[in-house]
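Below, each chain spelled out in residue letters.
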Amino acid sequence: MVVVKKGIIVGLLWVIASVAWAKEDPTFINEQQEDEIINLAYTQMRASIEALERKIDECKALAKDTTLDPALFQSLPLTKQEARTALGYFRSRAQEKCEDMGLWAKVAIEFAQFKHIEKSYKGKNIIETEDYLEIICCMSSDSRFETIWRYLKIAPEIREKLERIPELQKPFNFITTAEEMGLF
């Protein structure tokens, strides 16, 4: 019985000492500091999202005023559907290049980090962020991969010629171009 009492007393002293050391320890994080860290992660994520939104707007503006020459595909043996597919594929690829997929990845990572930090400190996610990760990651991935899949069905020698057309490497207005090429 004496051993048990000594064990309990030693255990209590250890807990009290641990709490006292933790409060003096510069690495101990209190609730206000947790909130500041969460706010830092949120602010950093929002700044990256805003940078991405500006980049998207810039690329949209570039594409808006650029229409490709309707004769661009005339020398290639493409069906109307293949031409639409190729146009959609290159529009998507040029837009991704312009928007910088690295910036998209940065936003996705910072969003995931923010959610993790918030949940780690608060036990749950509190700040409303809609479902940014789903939007950032996957909002058009189905149609993107369908377009790539359809594009890969075009004969390799034709795809090779398409890939060498410089106009297809920059953002362009898909709808106006498709209309002028008679693809709608």
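Our structure's up above, just so we're on the same page.
Quick caveat: nothing in here was measured; it's all calculated off a predicted structure.

Thresholds, definitions, all that
- Residues numbered from 1 in each chain as written.
- Predicted model: local features only at pLDDT ≥ 70, side-chain atom pairs only at ≥ 80, totals over all residues.
- Heavy atoms only, no water.
- Helix = DSSP H or I, 4+ residues; strand = E, 2+ residues; numbered from the N terminus.
- Buried < 20%, exposed > 50% of the residue type's maximum accessible area, 1.4 Å probe, protein only.
- Contact = heavy atoms within 4.5 Å.
- Core = buried A, V, L, I, M, F, W, Y, C linked by side-chain atoms within 4.5 Å.
- Patch = residues over 30% accessible without salt bridge, like charges linked within 9 Å, V, L, I, M, F, W, Y side chains within 5 Å.
- Areas by Shrake-Rupley, 256 points an atom, 1.4 Å probe, with all protein chains shown as cover.
- Salt bridge = Lys/Arg side-chain N within 4 Å of Asp/Glu carboxyl O.
- Lys, Arg positive; Asp, Glu negative; His and termini not counted.
- Charge placed at Lys NZ, Arg CZ, Asp CG, Glu CD.
- Axes fitted to C-alpha atoms, helices over the stretch in contact; angles between N-to-C directions.
- Parallel < 35°, antiparallel > 145°, perpendicular 65-115°, else oblique.
- Left-handed = near helix turned anticlockwise from the far one by under 90°.
- Nonpolar A, V, L, I, M, F, W, Y, C, P; charged D, E, K, R; others polar.

Visitor: Any chance you could explain the overall build of the chain here in plain terms?
Guide: A tally of helices and strands in the chain yields eight helices and zero strands. The order of helices and strands in the chain, counted from the N terminus, is α-α-α-α-α-α-α-α. Residues counted as buried form 30% of the 184 residues belonging to the chain. At a minimum sequence separation of 6, the contacts of the chain that also span at least 24 residues come to 82%.

Visitor: Is there a simple way to explain the nonpolar core in this structure?
Guide: Grouped burial of nonpolar side chains is what soluble globular proteins tend to show. In terms of nonpolar packing, the biggest core is built from 20 residues, with Phe73, Leu78, Leu87, Leu162 and Leu168 touching the most fellow members. Listed by contribution, the elements that provide at least two residues to this core are α3 (80-99) and α7 (156-163). The greatest single-element share of this core, amounting to five residues, is contributed by α3. Dropping the residues within four chain positions of it, Leu162 is found in contact with Phe73, Leu76, Leu78, Ala86, Phe90, Tyr151, Leu168 and Gln169. Formed by 11 residues, the second largest nonpolar core is a distinct cluster that contains Ile38, Ile49, Leu52 and Phe114.

Visitor: Would you mind showing me how to read a negative patch on the surface here?
Guide: Taken together, the side chains of Asp69, Glu167, Glu179 and Glu180 define an acidic patch exposed on the protein surface. Looking at where Asp69 falls in the secondary structure, it is placed in the loop between α2 (31-64) and α3.

Visitor: Teacher, can you tell me more about the packing of α2 against helix α4 (residues 101-122) here?
Guide: Each packed pair of helices is defined by two parameters, the angle between the axes and the distance between the axes. Interhelical geometry of α2 versus α4 gives an angle of 160° and a closest axis separation of 9 Å. Judged by the angle between their axes, α2 and α4 are roughly antiparallel. Handedness of the α2/α4 crossing: left-handed. Its residues placed into classes, the contact of α2 with α4 shows 16 nonpolar, two polar and eight charged.

Visitor: What is the right way to read the packing of α3 against helix α6 (residues 141-152) from this model?
Guide: The contact between α3 and α6 brings their axes to 9 Å, and the two run at 130°. As the angle between them shows, α3 and α6 are arranged oblique. Both α3 and α6 take part in a crossing whose hand is left-handed. Here α3 contributes Thr85, Ala86, Gly88, Tyr89, Phe90, Ser92 and Glu96 to the contact with α6, which in turn contributes Arg144, Thr147, Ile148, Arg150 and Tyr151. Across the contact of α3 with α6, the residue classes tally to five nonpolar, four polar and three charged.

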